[in-house]
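# Observations on the three-dimensional arrangement
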Amino acid sequence: MDLFFSPLACSMSGRIALAEAGATVNLIEVDPITKRVLASGEDYQPVNPLGYVPALRLDDGTVLTENSAILQHIADEYPEAELAPPASDRLGRAKLRQWLSFISAELHKGLMTPLLGDQTPAEVKAWTAGKYASRLAHLNEKLAGREFLLDKFSVADAYLATVLNWTRATPEIDLGAYPNVKAYLERMRARPSVAAALATEIPLFRAEMERRKVA
C-alpha cells in the first residue's frame, strides 16, 4: 500500500491514521508544484489526474483519492485500531461523516485554503477570516469538556489536528479566542502519532520551501 503525500498537507492525516493503526505503508512524497514524485521524478498525475494529495494506492492497484474517503477506508481496514465507530453503529458513523464533512468543507477548503494562498488578496483573507469565525466558534463550543470529536480518537481527529496545525501560518486566526480549540490542538500535537508525523514532515516542508526558492 502506497500513501502519496506532500509535507504538512492534508495527507498528513492519513500518515497519522496509519500510524495509529500500526499499518505498514510506503510513503511517497509528491512535489506539490511540479506534480512529480520527489524520489524518482515520475509524473504523479497518472496516479491522480488532478495532481493533489493524498492518494492511497492499494495492493491490488486500486487508487483512492479524496482525504475523507481515504481516512474512512483506513479505519475500516484496521477495525482493531477503533479509528471509527463500528459499522453497526449507524449513528456513530453518521457523526464521523458529519465531522469529516465539516472539517473538509468549512475549515480546510472554506477557511484555510484562501488564507494559505500566496496570491490571495489581503482583503479576501480578511473577509474569509471574518466569515468563517463562526465555524471556529462552533468547533470551540463542541469541544468544551471533550478530549476528542467523538468518544475516542478517530480519523476525524487526525484530519482536524492536521488542518488546525496550519494556523501556525495564518496570522489572521488567533486561537486564543477559541480556548477549547487551542487546548485541543496542544493535546493533539503531544499525541505520539501526531508528534511523530510533525517531526518527520516539518523538515520535509522546509526542504520543499528551499526547492521553491531555487526554482
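Before any of the text, the structure's been laid out above.
These remarks concern the structure in this document. None of the values given here were measured: they were computed from a predicted structure. (Residues numbered from 1 in each chain as written. Predicted model: local features only at pLDDT ≥ 70, side-chain atom pairs only at ≥ 80, totals over all residues. Heavy atoms only, no water.)

### Some points on the overall build of the protein
- Looking only at helices and strands, one finds eight helices and five strands in the protein.
- Its helices and strands taken in sequence order, the protein reads β-α-β-β-β-β-α-α-α-α-α-α-α from the N to the C terminus.
- Here the C-alpha atoms of the protein give a radius of gyration of 17 Å, agreeing with the 17 Å that 2.2 N^0.38 yields for 215 residues.
- Overall, the C-alpha framework of the protein stretches about 45 × 45 × 30 Å when taken along its three principal axes.
- Across the 215 residues that make up the protein, the buried fraction comes to 47%.
- Partitioning the intrachain contacts of the protein with sequence separation of at least 6 by distance along the chain shows that 65% fall at a separation of at least 24.
- Counting only carbon and sulfur atoms, one obtains 53% of the accessible surface of the protein, whose full area is about 10800 Å².
- In the protein, 24 positive and 27 negative side-chain charges are present, and the distance between their average locations comes to 4 Å. (Helix = DSSP H or I, 4+ residues; strand = E, 2+ residues; numbered from the N terminus. Rg over C-alpha atoms; globule rule 2.2 N^0.38 Å. Buried < 20%, exposed > 50% of the residue type's maximum accessible area, 1.4 Å probe, protein only. Contact = heavy atoms within 4.5 Å. Areas by Shrake-Rupley, 256 points an atom, 1.4 Å probe, with all protein chains shown as cover. Lys, Arg positive; Asp, Glu negative; His and termini not counted. Charge placed at Lys NZ, Arg CZ, Asp CG, Glu CD.)

### Considering the packing of aromatic side chains
- Taken as a whole, this structure holds three aromatic pairs when the rule is applied.
- Measuring from ring centre to ring centre gives 5.4 Å for phenylalanine 4 and tyrosine 44, while their planes differ by 45 degrees; the resulting arrangement is tilted. On the criterion of sequence distance, the pair formed by phenylalanine 4 in strand 1 (residues 2-5) and tyrosine 44 in the loop between strand 3 (36-37) and strand 4 (55-57) is long-range, its members being 40 residues apart. For the pair phenylalanine 4 and tyrosine 44, a shared accessibility class is recorded, and that class is buried.
- Measuring from ring centre to ring centre gives 6.0 Å for phenylalanine 148 and phenylalanine 153, while their planes differ by 90 degrees; the resulting arrangement is edge-to-face. Neither residue differs from the other here; phenylalanine 148 and phenylalanine 153 are each classed as buried.
- Lying across the ring of phenylalanine 5, arginine 15 places its NZ or CZ 4.7 Å from the centre.
- Over the ring of phenylalanine 153 we find arginine 191, and its NZ or CZ is 4.1 Å from the ring centre. (Phe/Tyr/Trp six-rings, centres within 6.5 Å; stacked < 30°, edge-to-face > 60°. Lys NZ or Arg CZ within 6 Å of the ring centre and 35° of its normal.)

### Here we look at the pattern of salt bridges
- Scanning the entire structure with this criterion turns up 11 salt bridges.
- A salt bridge links glutamate 201 to arginine 15; its shortest N-O distance comes to 2.6 Å. One end of the pair, glutamate 201, is in helix 8 (residues 192-214); the other, arginine 15, is in helix 1 (residues 12-21), and 186 residues separate them in sequence.
- The exposure class assigned to glutamate 201 is buried, which follows from its relative accessible area of 0%.
- A salt bridge links lysine 152 to glutamate 82, with the nearest nitrogen and oxygen atoms 2.8 Å apart. A residue pair is termed long-range when its members are at least 10 positions apart, and lysine 152 in the loop between helix 5 (133-142) and helix 6 (155-165) and glutamate 82 in the loop between helix 2 (67-77) and helix 3 (90-116) qualify at 70 residues.
- Given the relative accessible area of 43%, lysine 152 is considered partly exposed. (Salt bridge = Lys/Arg side-chain N within 4 Å of Asp/Glu carboxyl O.)

### A short note on the pairing of strand 2 (residues 26-31)
- Here strand 1 runs beside strand 2; their pairing, made up of four bridges, is parallel. Of the residues in strand 2, the one forming a bridge with phenylalanine 4 is isoleucine 28.
- Pairing analysis gives two bridges linking strand 2 to strand 3, with the strands arranged antiparallel. Paired with aspartate 31 across the bridge in strand 3 is arginine 36.
- Once strand 2 ends, the chain turns through four residues before running back antiparallel as strand 3, passing lysine 35 with a positive phi of about 60 degrees. (Pairing = 2+ DSSP bridges.)

### Thoughts on the packing of helix 1 against helix 8
- Where helix 1 contacts helix 8, the two axes come as close as 9 Å, and the packing angle between them is 135 degrees. Regarding the angle of helix 1 to helix 8, the classification is oblique. Regarding helix 1 and helix 8, the two cross each other, and that crossing is right-handed. Contact residues: helix 1 offers Met12, Arg15, Ile16, Ala19 and Glu20, while helix 8 offers Ser193, Val194, Ala197, Leu198, Thr200 and Glu201. (Axes fitted to C-alpha atoms, helices over the stretch in contact; angles between N-to-C directions. Parallel < 35°, antiparallel > 145°, perpendicular 65-115°, else oblique. Left-handed = near helix turned anticlockwise from the far one by under 90°.)

### With respect to the side chain of threonine 120
- Take threonine 120: it is sitting in the loop between helix 3 and helix 4 (122-131).
- A relative accessible area of 18% places threonine 120 in the buried class.
- Within the structure, the side chain of threonine 120 is placed 2.8 Å from the backbone oxygen of proline 114, a separation counted as a polar contact.
- When neighbours within four sequence positions are excluded, threonine 120 is seen to be in contact with Pro114 and Lys125. (Polar contact = N/O pair within 3.5 Å; in protein donor to acceptor, adjacent residues only side chain to side chain.)

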